[in-house]
Structures are given as structure tokens and as C-alpha cells.
Amino acid sequence: MSQTLIPHIDLTPLLADDPVRDETRRAIVDAACDSGFMTVGITPAQLGLADDIHARLLRFFELDATHKQPLARHKFEPANRNVYRGYFPPQNQDPTWKEGIDLGPDIAHPERADTQSGDPLREPTPQPPESDLPGWSVDVAAYYAAMESLGGVIAGALAEGLGMPRETLTRPFDHGNSTLRLIHYPERPAETLAAMPAVDGSGDARRWLVGVPHCDNGFITLLWQDQVGGLQVRTPSDNWEEVPPRDNALVVNFGRLLADWSDGRIQATEHRIVGGTRSRHSIPFFFEPAVDAHIEAPDAAGDGGYVYGDRLWERMQAFVEFQGLERAPAADA
């Protein structure tokens with residue numbers, strides 16, 4: 001991976017009948033197999049979204065604690081039944097310092113809400129009432145649908161760029177279980193910073209670790225970040241490269257299960273968040289297959305593959321907001 005450059009790719013050719021789309025596909029494959037990261041140029045308007053869509057979504061964090069708590073996961077509010085979806089607060093004892101809400105496919109596809117199986121991965125998403133955030137549910141539904149569509153475009157381009165039928169990689173996403181996550185990294189209280197690892201800078205420019213190094217677990221992540229920045233990617237020389245915010249762009253990275261699927265050809269690259277003294281927001285969309293999708297590498301010699309939801313649940317336990325959760329047996333699909 002280049003130590004000084006995360007590739008930037010204009011996605012416009014993939015959204016139109018453009019003769020350079022083959023070149024765009026090759027660039028996506030190169031990024032996936034080299035750095036595991038890229039930024040992609042695309043405007044909200046190209047996705048049918050309002051220019052201020054990110055600010056509209058982030059209105060969630062204007063709610064006070066009394067309005068967030070009814071949406072909190074069971075881990076943080078025992079009276080609530082939701083386990084996997086919903087709100088999570090900052091964890092004072094952990095370097096990762098963030099609050100957020102995880103939203104599932106039922107926000108855009110109400111018919112997918114599953115109240116019968118008992119599987120947390122399929123559970124309905126708790127949302128604030130319309131009276132608390134007028135228009136918010138419509139905005140999150142539109143954004144979810146747009147990211148779901150864009151994820152399919154990138155997955156299809158990746159498959160074709162790797163020389164395989166598009167359906168090989170896109171079929172598992174039929175009735176996918178993607179997650180839209182809204183994140184706020186608050187300014188960290190000074191008394192907690194003293195116990196946390198400072199990673200770079202000095203004086204007023206000093207920054208702390210607020211998101212521990214990790215690889216995303218799934219397939220593809222589509223990330224919008226605000227202008228505060230702080231996203232860093234680990235290089236092969238064990239240094240950290242900044243991924244600066246760009247206007248009309250998303251950061252795309254590839255996850256561990258996609259790396260497994262490609263037998264390591266596609267890279268799942270470790271990344272982290274630094275900051276601590278300024279409030280920061282980001283909106284990742286984790287483009288994920290169906291819970292019961294059977295994943296098998298295209299060149300696998302009958303190894304049986306795995307069920308996506310089972311592998312995802314196993315690996316997500318490494319993240320502080322999911323630690324200690326138990327998964328009820330899923331009903332037969």
C-alpha cells in the first residue's frame with residue numbers, strides 16, 4: 001500500500017453509460033487489492049439525495065438523553081428489548097469514545113421488519129417518534145436506500161473487475177442486512193483524557209486515540225466524515241496515513257469477510273480514529289449480505305463456505321459496543 005496516497009476514484013462513469021467505466025472498475029480492483037481503501041467522488045444529487053442530507057441525519061444527536069434512552073440497546077437499558085439495533089452511549093473506560101445509533105434495513109424496507117425469529121441480527125430498528133425529529137425517518141430511509149444501491153454498484157464493478165459474473169458477488173445482497181450507523185465522537189472530558197493514549201501532536205494540536213485500531217468485519221463500508229477529520233489507515237511500514245475529508249466524496253474500505261471471500265486478494269486494512277478535543281461526526285454504511293446468505297469463495301474447492309450472519313456475529317464481539325451480547329437461535333429461513 002502506498003504510504004502517501006489513498007486513491008481517489010470518480011464514480012460517475014459507473015452511474016452512466018460512460019466508455020471509461022472499465023477503467024473505473026480496474027481502479028476499484030486495484031484499490032481493493034492494494035490499499036484496501038479508496039475515496040470515491042460522488043455528490044448527494046447523483047444519488048437522488050438533498051445536498052444537506054448528512055446534516056439532516058445528524059439531527060439525531062440534538063436529542064437529549066431522555067429521548068435517546070428509549071432507543072438504547074438492552075446492554076445499556078435493560079428494560080429495552082433491542083439487542084443489535086439502536087442507540088449506544090460513550091463507554092468511559094474504553095479508548096473508543098463515541099455514541100451512535102445502528103439502523104437496519106426495515107427503516108427503508110418496512111416489510112423486512114422481523115419480530116418473530118428472535119435473532120438480534122434481524123430485529124426491528126427502534127426510531128425516535130416523528131414528533132421528536134420531524135422528517136428524520138424519511139431522510140434516513142432515503143439515505144439507506146441510496147447507499148444500498150451504491151454498494152451494489154461497487155460490488156458489481158468489483159466482481160466484473162476481478163473477471164467473474166456480476167451475480168457472484170451481488171446475489172448474497174438480495175434482501176441484505178446492511179447497517180446505517182450515525183456516530184458522534186464528543187469532545188472527551190479532560191479528566192478521562194489523562195488515562196488515554198496520546199498518539200500525535202503537542203500542545204493544542206495534541207490528539208488522542210478515540211477509535212481503536214480495527215478492521216471492519218463485513219464486506220464494504222461507505223463512510224462520510226465531517227471536516228474535523230481524524231481517520232487514519234495503517235500502512236505496511238506500520239505508520240499511520242491520514243485520510244483527509246473531501247467534499248462530495250465517500251471513503252470506501254473493504255472488510256474482513258470480503259478478504260476471506262477473495263482468499264486474501266482483497267485487503268481488509270486496519271484503521272483508527274484520533275482526536276478527542278473536538279466534536280466529530282461520521283456516517284458509515286456497512287453494506288452487508290442477507291443474514292442467511294451462504295458465502296463461498298468463487299474458487300473454493302467444496303469447502304462448504306459459511307453462513308454470513310454466523311460469521312458476522314462471531315467477529316463483532318471484538319467491538320466494545322457489542323461485547324457481552326448473546327444471540328438467540330435464529331428461526332429457520
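Description of the structure in this document. None of the values given here were measured: they were computed from a predicted structure.

### A short note on the side chain of arginine 59
- Along the chain, the position of arginine 59 falls in the loop between helix 3 (53-57) and helix 4 (65-68).
- Buried charged residue arginine 59 carries no salt bridge. Nearest counter-charge: aspartate 139, at 4.2 Å.
- If we skip the residues at most four places from it in the chain, arginine 59 touches Leu133, Pro134, Gly135, Trp136 and Asp139.

### Quick word on the environment of threonine 12
- The residue threonine 12 is located in helix 1 (residues 12-15) in this model.
- Given a relative accessible area of 29%, threonine 12 falls into the partly exposed group.
- A sequence separation of 34 residues divides threonine 12 from glutamine 46, and the C-alpha atoms of the two residues are 8.3 Å apart.
- Not counting residues up to four positions away in its chain, the partners in contact with threonine 12 are Gly41 and Gln46.

### A few points about helix 2 (residues 21-33)
- Under the 1.5 Å per step criterion, the end-to-end length of helix 2 is 18 Å for 13 residues, consistent within 8% with the ideal 18 Å.
- In the core, the buried residues of helix 2 are packed alongside strand 1 (8-10), helix 1, strand 2 (37-41), helix 5 (136-161) and strand 11 (249-254).

### Details of the pattern of salt bridges
- Using the criterion set out here, one finds 15 salt bridges in the structure.
- Residues arginine 207 and aspartate 200 are paired through a salt bridge, measuring 2.8 Å at the closest nitrogen-oxygen approach.
- Here arginine 207 falls in the partly exposed class, since its relative accessible area comes to 22%.
- The class for aspartate 200 is partly exposed, based on a relative accessible area of 23%.
- Aspartate 238 is paired through a salt bridge with arginine 234; the nearest N and O atoms lie 2.4 Å apart.
- Counted as one network, the salt bridges with shared partners bring together Asp22, Arg25, Glu160 and Arg166.

### What about the packing of aromatic side chains?
- The full count for this structure, using the stated rule, is eight aromatic pairs.
- For the pair tyrosine 84 and tryptophan 313, a centre-to-centre distance of 6.4 Å together with 45° between the ring planes defines the contact as tilted. Placement of the pair is tyrosine 84 in the loop between helix 4 and strand 3 (86-88) and tryptophan 313 in helix 9 (residues 308-316), with a sequence separation of 229 residues.
- Here tyrosine 84 falls in the buried class, since its relative accessible area comes to 7%.
- Judged by its relative accessible area of 10%, tryptophan 313 is buried.
- Taken together, the aromatic side chains of Phe60, Phe61, Tyr87 and Trp136 make up a single cluster linked through ring pairs.
- Lying across the ring of tyrosine 306, arginine 311 places its NZ or CZ 3.9 Å from the centre.

### A short note on the sheet that holds strand 1
- With respect to topology, eight strands assemble into an open sheet ordered 1-2-11-8-13-5-4-3, the strand pairing being mixed. Each end of this open sheet is capped by a strand with a single partner; those strands are strand 1 and strand 3. The sheet shows a mean angle of 25° between the axes of neighbouring strands, direction not considered.
- Note: strand 4 (residues 99-103) against strand 5 (residues 179-185), five bridges, orientation antiparallel. By the bridge assignment for strand 5, glutamate 99 is matched with histidine 184.

### Quick word on the state of the cysteines
- Taken as a whole and judged by the stated rule, the model has zero disulfides.
- Just so you know, cysteine 33 is unpaired, no disulfide at all, and the nearest cysteine sulfur is the one on cysteine 215, 15 Å from it.

### Notes on the environment of arginine 21
- If you trace the backbone, arginine 21 turns up in helix 2.
- In sequence terms arginine 21 and leucine 11 are ten residues apart; their C-alpha atoms lie 8.5 Å from each other.
- Contacts of arginine 21, omitting those with residues within four sequence positions, involve Pro13, Leu14 and Ala16.

### Let's talk about the nonpolar core
- Counting residues in each nonpolar core, the largest one holds 73 residues, and the members touching the most others are Phe60, Tyr143, Leu158, Leu180, Leu182 and Ile220.
- The biggest single contributor to this core is helix 5, with 13 residues.
- Listed in part, the twelve residues of the second largest apolar core include Tyr185, Val210, Leu231 and Val243.

### Some words on the environment of glycine 156
- Among the structural elements, glycine 156 can be located in helix 5.
- A relative accessible area of 0% places glycine 156 in the buried class.
- Those residues in contact with glycine 156 that sit more than four places away from it in its chain are Arg166 and Thr170.

Calculation criteria
- Residues numbered from 1 in each chain as written.
- Predicted model: local features only at pLDDT ≥ 70, side-chain atom pairs only at ≥ 80, totals over all residues.
- Heavy atoms only, no water.
- Helix = DSSP H or I, 4+ residues; strand = E, 2+ residues; numbered from the N terminus.
- Buried < 20%, exposed > 50% of the residue type's maximum accessible area, 1.4 Å probe, protein only.
- Lys, Arg positive; Asp, Glu negative; His and termini not counted.
- Salt bridge = Lys/Arg side-chain N within 4 Å of Asp/Glu carboxyl O.
- Contact = heavy atoms within 4.5 Å.
- Expected span 1.5 Å × (residues − 1).
- Phe/Tyr/Trp six-rings, centres within 6.5 Å; stacked < 30°, edge-to-face > 60°.
- Lys NZ or Arg CZ within 6 Å of the ring centre and 35° of its normal.
- Pairing = 2+ DSSP bridges.
- Axes fitted to C-alpha atoms, helices over the stretch in contact; angles between N-to-C directions.
- Disulfide = S-S within 2.5 Å.
- Core = buried A, V, L, I, M, F, W, Y, C linked by side-chain atoms within 4.5 Å.

Any functional reading would require information beyond the geometric quantities listed.
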